[in-house]
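Residue strings, one per chain:
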Amino acid sequence: MALSTDKISLKHLLTVEALTDQEVMGLIKRAQQFKRGAVWQPKKSQYFVANLFFENSTRTHKSFEVAERKLGIDSIEFDASTSSVTKGESLYDTVLTMSALGVDALVIRHSEENYYNQLIQSKTVHCSIINGGDGSGQHPSQSLLDLMTIYEEFGQFNRLKIGIIGDITHSRVAKSNMQLLKRLGAEIYFSGPLEWYEQKFEVYGHYLPLDELVPKVDVMMMLRVQHERHDGKESFSKAEYHQEYGLTVSRSQKMKHAAIIMHPAPVNRDVELADSLVEGLQSRIVAQMSNGVYMRMAILEAILEGRV
Amino acid sequence: MALSTDKISLKHLLTVEALTDQEVMGLIKRAQQFKRGAVWQPKKSQYFVANLFFENSTRTHKSFEVAERKLGIDSIEFDASTSSVTKGESLYDTVLTMSALGVDALVIRHSEENYYNQLIQSKTVHCSIINGGDGSGQHPSQSLLDLMTIYEEFGQFNRLKIGIIGDITHSRVAKSNMQLLKRLGAEIYFSGPLEWYEQKFEVYGHYLPLDELVPKVDVMMMLRVQHERHDGKESFSKAEYHQEYGLTVSRSQKMKHAAIIMHPAPVNRDVELADSLVEGLQSRIVAQMSNGVYMRMAILEAILEGRV
Amino acid sequence: MALSTDKISLKHLLTVEALTDQEVMGLIKRAQQFKRGAVWQPKKSQYFVANLFFENSTRTHKSFEVAERKLGIDSIEFDASTSSVTKGESLYDTVLTMSALGVDALVIRHSEENYYNQLIQSKTVHCSIINGGDGSGQHPSQSLLDLMTIYEEFGQFNRLKIGIIGDITHSRVAKSNMQLLKRLGAEIYFSGPLEWYEQKFEVYGHYLPLDELVPKVDVMMMLRVQHERHDGKESFSKAEYHQEYGLTVSRSQKMKHAAIIMHPAPVNRDVELADSLVEGLQSRIVAQMSNGVYMRMAILEAILEGRV
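One numbering rule holds for all chains: residues counted from 1, following each sequence as written. As they are written, the chains are lettered A onward and the ligands numbered 1 onward, keeping that order. A pLDDT threshold of at least 70 governs which residues receive local features in this predicted model, and a stricter bar of 80 or more applies before side-chain atom pairs are shown or counted, although totals over entire chains, interfaces and linings include all residues. Side-chain descriptors were evaluated using all non-hydrogen atoms of the structure, hydrogens and water having been removed beforehand.

S.K.: Account for the overall build of chain A, with residues named and values stated.
M.R.: A tally of regular secondary structure across chain A gives twelve helices and nine strands. Relative to its length of 308 residues, chain A is compact, with a C-alpha radius of gyration of 19 Å against a globular reference of 19 Å. C-alpha atoms of chain A, sized along the principal axes, occupy 55 × 50 × 35 Å. Residues classed as buried in chain A amount to 63% of the 308 residues present. Considering only intrachain contacts with a sequence separation of at least 6, the fraction spanning at least 24 residues in chain A is 75%. Per element, the accessible surface of chain A, about 11800 Å² overall, is 49% carbon and sulfur. Residues scored as charged are limited to Lys and Arg (positive) and Asp and Glu (negative), so that His and the chain ends carry no count. To locate a charge, take NZ of a lysine, CZ of an arginine, CG of an aspartate or CD of a glutamate. Here chain A contributes 34 positive and 38 negative side-chain charges, whose respective centroids are spaced 5 Å apart. Comment: elements are numbered from the N terminus, with helices defined as DSSP H or I runs of at least four residues and strands as E runs of at least two. The size measure is the radius of gyration over C-alpha atoms, and the globule rule it meets is 2.2 Å times the number of residues to the 0.38 power. Here the term buried applies to any residue with accessible area under 20% of the maximum for its type, exposed to any over 50%, and partly exposed to those in between, with areas from a 1.4 Å probe on protein chains only. Note on contacts: a residue pair is in contact if any heavy atoms of the two residues lie within 4.5 Å. Exposure was quantified through the Shrake-Rupley algorithm and a 1.4 Å probe, taking into account, for residues, occlusion by the shown protein chains and nothing else.

S.K.: Account for the sheet that holds strand 1 (residues 48-53) of chain A, naming residues and giving values.
M.R.: Residues and elements named next belong to chain A. The four strands are arranged 2-1-3-4 in an open sheet whose pairing can be described as parallel. Sheet topology places strand 2 (74-78) and strand 4 (128-134) at the edges, where each strand pairs with a single neighbour. Each adjacent strand pair in this sheet contributes to an overall mean axis angle of 15 degrees, direction not counted. The criterion for strand pairing is that DSSP finds at least two bridges linking the strands in question. In terms of strand pairing, strand 1 meets strand 2 through five bridges, oriented parallel. The residue of strand 2 that forms the bridge with F48 is D74. As a rule, the C-alpha atoms of each element are fitted with a line to give its axis, helices using only the stretch in contact, and angles between N-to-C directions run from 0 to 180 degrees.

S.K.: I'd like a rundown of the relation of the copies chain A and chain C, residues and numbers included.
M.R.: Only residues with pLDDT of at least 70 in both copies contribute their C-alpha atoms to the least-squares superposition of the copies. With an RMSD of 0.0 Å, the operation that places chain A on chain C is a rotation of 120 degrees combined with a shift of 0.0 Å along the axis. Look at the turn and shift together and you get a three-fold axis relating the two. The two copies present different faces, since only 5% of the interface residues in chain A are matched by interface residues at the equivalent positions in chain C.

S.K.: Any details on the sheet that holds strand 8 (residues 219-222) of chain C? Residues and values, ideally.
M.R.: Residues and elements named next belong to chain C. If you walk across this open sheet you meet the five strands as 7-6-5-8-9, and the pairing is parallel. Of all the strands in the sheet, just strand 7 (205-207) and strand 9 (260-262) have a single pairing partner and so form its edges. For this sheet, the mean angle separating the axes of adjacent strands, direction not counted, is 20 degrees. As defined by bridge partners, strand 8 adjoins strand 9 across three bridges and the pair is classed as parallel. Residue pairing in the sheet places V219 in a bridge with I260 of strand 9. Where helix 6 (residues 140-154) meets the sheet, its contacts fall on strand 5 (161-165), strand 8 and strand 9, and the angle it forms with strand 9 comes to roughly 170 degrees.

S.K.: Account for the environment of L14 of chain B, naming residues and giving values.
M.R.: Residues and elements named next belong to chain B. Looking at the secondary structure, you find L14 in the loop between helix 1 (2-6) and helix 2 (21-35). As for L14 and D218, which are separated by 204 residues in sequence, their C-alpha atoms are 28 Å apart. Leaving out residues up to four positions away in the same chain, L14 has contacts with Y116, I120, I129, N131, Q138 and P140.

S.K.: So what's going on with unusual backbone geometry? Residues and values would help.
M.R.: A cis amide bond links A265 of chain B with the next residue in sequence, P266 of chain B, at an omega value of 0 degrees. With respect to the helices and strands, the residue P266 of chain B is situated in the loop between strand 9 (260-262) and helix 11 (275-278). For D270 of chain A, which is not a glycine, the phi torsion comes out positive at approximately 65 degrees. Here D270 of chain A shows up in the loop between strand 9 (260-262) and helix 11 (275-278). Judged by relative accessible area, which is 41%, D270 of chain A ranks as partly exposed.

S.K.: Let's hear about the interface of chain A and chain C: which residues, and what values?
M.R.: The interface is formed by 22 residues belonging to chain A together with 25 residues belonging to chain C. When chain A packs against chain C, the two sides together hide about 2100 Å² of surface, and 53% of this comes from carbon and sulfur. As a working definition, buried area equals the accessible area (1.4 Å probe) given up by two parts on being put together, with both sides summed. Contact with chain C buries area across many residues of chain A, yet N56, T58 and R69 of chain A alone supply 28% of it, more than any other trio. Just to be clear on terms, a salt bridge is a Lys or Arg side-chain nitrogen sitting within 4 Å of an Asp or Glu carboxyl oxygen. At the junction of chain A with chain C, the criterion picks out three salt bridges. Between E89 of chain C and R59 of chain A there is a salt bridge whose closest N-O contact spans 2.8 Å. For the purposes of these results, a polar contact is taken to be a pair of N or O atoms within 3.5 Å, where, inside protein, one atom must be able to donate a hydrogen and its partner to accept one; residues adjacent in sequence count only when each atom of the pair is a side-chain atom. Counting every contact that joins chain A to chain C gives 14 residue pairs in polar contact (both at pLDDT 80 or more). Among the elements of the structure, helix 3 (59-70) and helix 12 (285-305) of chain A are those that each provide at least two residues to the side of chain A that touches chain C.

S.K.: Can you break down the packing of aromatic side chains residue by residue, with the values?
M.R.: Only Phe, Tyr and Trp rings are paired, with Trp represented by its six-membered ring, and only when their centres lie within 6.5 Å; those with planes under 30 degrees apart are stacked, over 60 edge-to-face, the remainder tilted. Scanning the model with the defined rule gives 39 aromatic pairs over all chains in all. When the centroid spacing of 5.5 Å and the interplanar angle of 90 degrees are considered together, the rings of W196 of chain A and F236 of chain A count as edge-to-face. Note that W196 of chain A is positioned in the loop between strand 6 (187-191) and strand 7 (205-207) and F236 of chain A in the loop between strand 8 (219-222) and helix 9 (238-245), a separation of 40 residues in sequence. A residue is classified by how much of its surface remains accessible, and W196 of chain A, at 3% relative accessible area, is buried. Relative to Y197 of chain C, the ring of F190 of chain C lies with its centre 5.5 Å away and its plane at 55 degrees, an arrangement referred to as tilted. For the residue pair F190 of chain C and Y197 of chain C, the accessibility class agrees, reading buried in each case.

S.K.: I'd like a rundown of the interface of chain A and chain B, residues and numbers included.
M.R.: Chain A puts 25 residues into the contact, and the matching count from chain B is 22 residues. Counting each side, the surface lost to burial between chain A and chain B is near 2100 Å², with a carbon and sulfur contribution of 53%. Looking at the side of chain A facing chain B, the largest losses of area belong to K87, A100 and L101 of chain A, adding up to 30% of the total buried there. Counting across the interface, chain A meets chain B through three salt bridges. Residue D93 of chain A pairs with R269 of chain B through a salt bridge whose shortest N-O separation is 2.6 Å. Summed over the shared surface of chain A and chain B, the result is 14 residue pairs in polar contact (both at pLDDT 80 or more). Every element with two or more residues in the side of chain A that touches chain B is listed here: strand 2 and helix 4 (91-100) of chain A. No other element matches helix 4 of chain A, which puts six residues into the side of chain A that touches chain B. Classifying every residue of the side of chain A that touches chain B gives nine nonpolar, ten polar and six charged. Lys, Arg, Asp and Glu make up the charged group, whereas Ala, Val, Leu, Ile, Met, Phe, Trp, Tyr, Cys and Pro make up the nonpolar group; the residues left over, Gly among them, are polar.

S.K.: Go over helix 6 (residues 140-154) of chain A with me, naming the residues and quoting the values.
M.R.: Residues and elements named next belong to chain A. Expected span, for any helix, means 1.5 Å times one less than how many residues it has. If you check helix 6, its first and last C-alpha atoms are 21 Å apart, about what 15 residues at 1.5 Å a residue would give, namely 21 Å. Burial runs high along helix 6: twelve of the 15 residues are buried. Among all positions in helix 6, only P140, S141, Q142, S143, L144, L145, D146, L147, M148, T149, I150 and Y151 are buried. Backbone geometry just after helix 6 places G155 at a positive phi near 75 degrees.

Here's what the structure looks like:
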């Protein structure tokens, strides 16, 4: 009974701001139940979820796909390059089509920030939207799986010290994470190239030189250098980035013993962190990917339960 | 009992000419049953249908895929760009492979008109072929879903006045529709640029200036301007096309009150019809897409029931 | 009981050398059982197998996919061109991701010979690997389906005379086949352009001029001219290849009456063999494709049964 009142139901999942703390914790706990083998009891015999990735992805895309299959959902894969998008069809009309075909929910990754606004305001589109990443905007399912991984490790967020290091400006997940973690009581510290840091992040935490940050934090959240979003004018080589802003082996030895290393992946090995650390004892990078499947099951359940 | 004797069984679905009136009406009625929740009782426990789209598609492709899943069929997706087609393998040998793998039926869209002739004559290929569009030839499943949508609206075809407007020469569905609708008793009127109209259409109906046609018809069947099939020598801009041959808002106000607007989509908004009309009260464009799933279920059932 | 002791269990399938004769024969017999309708009784309720084809494929790829569906496995399709591989993610990190997502086994085709070494040595990767072709290395599932097709025809391998003709140097399957067939007691004869023949093949059989080989052998194993692996410096045209090294109609008339023609396909018709022979009475090319599904079911079962 307690369980059924705890059940989270969402119309869409677009940003982390739209989630209450109770919803965040509810999703984390439900994801943990799925990890321990819980099974969804759907109301309808067949649900359709379509995955529309207009930007390339391995982890997020395949993680949603595995989550859908584990829930017994029919996944529809959409490949823009062989679709009518090549004839000039807009995102809106593509989504309208999916809605007309009877698809219940869409996982969408798209390069345009806030691409979803037009979709959720439409009276003709009936699909629930799960944001799989919007431009340099947000990536809420990644943020939630990060939180699940931290919660699994430490059992709470209060007073946890989290370092967010690297290309913060271009990172969707950094922006989602700093908001959520701050709200849940964690203390945020930033580091990395100053050209990728903005004044507006100050409301969530403070910038520290990397060597000051490392021994202080419980979580080293390394961000990917997103070469594909840069214009090539960066003033450092890969090796220089690693030495100045990366988690080198010698820096890692100054971490707290119980501290963990996270990264949304794909990792640029020997850039953001040393190759040998990726699968090392303090890394939770593989755990993040595994937890992603269970978190996405929780999200999909919450979305599909929220449908009439 | 009546129902089982009505059941349609087809070897292939290639053109609308090959269908009897009884088969057309049987498919429409079966599609309506599926829309009301009817369930297929297959003879075998597992059927395989492969979707081979050599031309880009969202609606037709995903509509067949959803239909297959609703029937419990195993869909096999074929992507020419990652297949042995890139090593020079022909359509025939690709289809021969699918047949050897045990695939029951193939939905094929291909740029070559009548691509299916060699396939159905082969003694080694055992797949049923469902034509998802052949060059500038036919598109029978789209035609059948259009008829279903009209029948759903008016309950019959006799004496219905249908306007077919636009790029008739390049439209597969226009050619399928004019034949079927004429046979079933409808009166056809054509309009649009004269350079996209051919004398041979006269056996099915007559050309009228657009402003004469609009107040006369029960169905405004707008055709897509297929930029991808043109050579760029058209003598009008998009705005000019809309003013001269498009359904503008002011023209739409001269339609009969009970008349409906149809379009095979993707719509070029503000070209073939005004943006605001696409999801308007008289539009059945979303209904066409929804009905497409049920019509394709009826087609797939008829094809798979027709297999030994 | 006898059956369960015969059951083959494999950790990976990488090369044919790693298979014992008993395993080869066990897989052939199990594939024949699947062909007669045997059903797998899996230990777990859900298995995930991902198909990672970094090189183009129709037969191998779709054959594995159909086999997976027939066994009730959840297939995950991986398309490198829309994945994080485009952001520079390595094969190792892609596979690590699949492992973290809970995928049980991977079917991989990759252009790098022995690509699998790093994967199977990893302590973090838990997937079983099924080699779907490595560069100019091996193609064990094709080899096993070839053996199944020969065994189905002749009931044994001992003293069978097998001709392997054509582009042996670039053929993964030729290398796998010559090893296995020799071990199982067959006599191997080679023919084709000398520039595609290497001294090291002599341990398996001997080179003969084609017109000497044809009347001698029980199996004409024609190899595909792999235009995509050549540098265009070959000294013959397609027509010249056919006349000198191909199975022309007139050569085919000199074959033993009970001899069969095999080819891994796609066939370059009128190059390796005359167009009319591909689907002729002595050809087993379609049977090879059909048998491929059953052999891959046997392989997948052996791999998944081998997992803890």
